[in-house]
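Descriptive structure summary
As a plain string of letters, each chain reads:
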Amino acid sequence: MIKAAILGATGYAGAELVSILSGHPETELVYLASHSYAGKRFSDIYPGMRGVCDDILREDDIKKAAEEADVVFLSLPAGLASAMVTDELLSHAAVIDLGADFRLHDKDVYESWYKTEHHSPSLLQTAVYGLPEIHRNTIKGKRLVANPGCYTTCSIMTLYPLVKASLIETDGIIIDAKSGTSGAGRGEKLGSLFCEVNESIKAYGVTTHRHTPEIEQELSEAAGRSIVLQFTPHLVPMNRGILSVCYARLKAGVTEESIKEAYSIYKDEPFVRIIDTLPETRYVKGTNLVDISWRMDKRTGNIIAMGAIDNLVKGAAGQAVQNMNILFGLDEKTGLSRGAHSPL
């Protein structure tokens, strides 16, 4: 059995991890931590988990967690993980960070976008960006995995085949993305209150959203050249889910057949569905799936590529478990649901 620890277990992503790992046949939860709720039972915070996970929550002590566990999941605010993770700690346990501290390769880029100091710049060179469908072979054998962001997972996976196959112009890419409110976390924030969100939709982080450099980094690597793109997220009144609608100019001579061929890169991926209909978040709810579709607009010469994920599963906890499965040589699908919770 893989012994797992979770720091930040009572946030939305952390709680989703507890839920998934509680049903994982090869994993035992040995250390659940929450600074805000230390001393309480996990099921006191999430009553739906009564009888499933009644563990007493502990303080966020990563050294103790690494001593007791084979893998430590970090679901913490930006800036904390880089001060906690060291080479010595990684000699005791693998770390999968659901935060942003090890996603960007460049310390200066990280500090510029996140407005906080990075305390372990040397680890940026040893961490692997944990998007399995793209970096699976690099993830194997690593001790530090940077779990991708939610918007980034959806946007990168939707655009990656087009960029990799050089079917689109890399200048002028626009990503218009929409997320449910759980993406803002469980903390008490005015903008996340029901009355502030319900019956409304709004753009936010316009030109400044922190997932922008992450998307640019991964697509630049795919293209073999620097990509600068426009990313605008929106908040919609639903609990979970992300829809990314991506616009790009097709290169001359690109056909529908060549686009289909590009997306065939995902044909053997268990969590990617290339669909003929338009993606909807309700059909991936509660799953580690990515639904991707596209439309070629011959009138404008553009392609509109669309992707949908559950931001708490494929965009966070599910992908973290997928990475854990790879690290420990398990089938990637182990412990992860394949079908949506409900057709409604």
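Note: the structure precedes this text.
Read on for a plain summary of the structure. The shown structure was predicted, so the numbers you read here are calculated from the model rather than taken from an experiment.

About the criteria used
- Just so you know, the residues in each chain are numbered from 1, in the order the chain's sequence is written.
- The predicted nature of this model means local features are confined to residues of pLDDT at least 70 and side-chain atom pairs, given and counted, to a pLDDT of 80 or more, with totals for whole chains, interfaces and linings taken over all residues.
- With hydrogens and water excluded, all non-hydrogen atoms of the structure serve as input to the side-chain values.
- The numbering of helices and of strands both runs from the N terminus, where a helix is a DSSP run of H or I of at least 4 residues and a strand a run of E of at least 2.
- Exposed residues in this analysis have more than 50% of their type's maximum accessible area, buried residues have under 20%, and partly exposed residues fall in between, with area computed by a 1.4 Å probe over protein chains only.
- Each salt bridge in this description consists of a side-chain nitrogen of Lys or Arg and a carboxyl oxygen of Asp or Glu lying within 4 Å of one another.
- A pair of strands is treated as paired once DSSP finds two or more bridges between them.
- Whenever a pair of cysteine sulfur atoms sits within 2.5 Å, that pair is classed as a disulfide.
- Whenever a helix is involved, its axis is fitted only over the stretch in contact; in every case the axis is a line through C-alpha atoms, and angles between N-to-C directions fall within 0 to 180 degrees.
- By definition in this entry, angles of less than 35 degrees are roughly parallel, angles greater than 145 are roughly antiparallel, angles of 65 to 115 are roughly perpendicular, and the rest are oblique.
- Two helices cross in a left-handed way if the nearer one is turned anticlockwise from the farther one by less than a right angle. They cross in a right-handed way if the turn is clockwise.
- Should any heavy atoms of two residues lie within 4.5 Å, those residues are considered in contact.
- Think of it as three bins: nonpolar holds Ala, Val, Leu, Ile, Met, Phe, Trp, Tyr, Cys and Pro, charged holds Asp, Glu, Lys and Arg, and polar takes everything else, Gly as well.

The topology assignment puts glutamate 88 in helix H5 (residues 87-90). Since its relative accessible area comes to 60%, glutamate 88 is described here as exposed. Taking the C-alpha atoms as reference points, glutamate 88 and aspartate 176, separated by 88 residues in sequence, lie 41 Å from one another.

This next bit is on the pattern of salt bridges. Tallied over the entire structure, the rule returns 14 salt bridges. Salt-bridge contacts for glutamate 133 lead to lysine 314; the nearest nitrogen and oxygen are separated by 3.0 Å. Of the two residues, glutamate 133 sits in helix H7 (residues 132-139) while lysine 314 sits in helix H12 (residues 313-327), which places them 181 residues apart along the sequence. Across the pair, lysine 314 and glutamate 133 agree in class, each one buried. Residues participating in the shared-partner salt-bridge network are Glu16, Arg240 and Asp310.

Sheet architecture is open: seven strands sit in the order E8-E9-E7-E10-E13-E12-E11, paired in mixed fashion. Looking at strand neighbours, the two that pair on one side only are strand E8 (202-203) and strand E11 (272-274), the edges of this open sheet.

Counted under the stated rule, the structure contains zero disulfides. Distance from the sulfur of cysteine 246, which forms no disulfide, to the nearest cysteine sulfur (cysteine 154) is 7.3 Å.

Two elements in contact, helix H8 (residues 150-164) and helix H11 (residues 256-263), have axes whose closest approach is 8 Å; the angle formed by their N-to-C orientations is 120°. What the angle tells us is that H8 and H11 run oblique. Of the two elements, H8 crosses H11, and the hand of that crossing is right-handed. Note on element contacts: H11 touches H8 through Ile259, Ala262 and Tyr263, opposite Thr158, Pro161 and Leu162. Classifying every residue of the contact of H8 with H11 by side-chain character gives five nonpolar, one polar and no charged.

Looking now at the environment of arginine 41. Relative to the helices and strands, arginine 41 resides in the loop between strand E2 (27-33) and helix H2 (42-45). In this structure arginine 41 comes out as partly exposed when scored by relative accessible area, which is 38%. As a C-alpha pair, arginine 41 and leucine 57 span 16 residues in sequence and 5.8 Å in three-dimensional space. Excluding residues that lie within four positions of it along the chain, arginine 41 makes contacts with Asp54, Asp55, Ile56 and Leu57.

Taking strand neighbours across the sheet as the criterion, the six strands line up as E2-E1-E3-E4-E6-E5 in an open arrangement whose pairing is parallel. Edge positions in the open sheet fall to E2 and strand E5 (128-129), since each of these has one partner strand only. One ladder, built from two bridges, connects E5 with strand E6 (residues 144-146); its direction is parallel. Bridge assignment links valine 128 to a residue of E6, and that residue is valine 145. Across the sheet, H12 is in contact with strand E1 (2-7), E2, strand E3 (71-74), strand E4 (94-97) and E6; its angle to E4 comes to roughly 155°.

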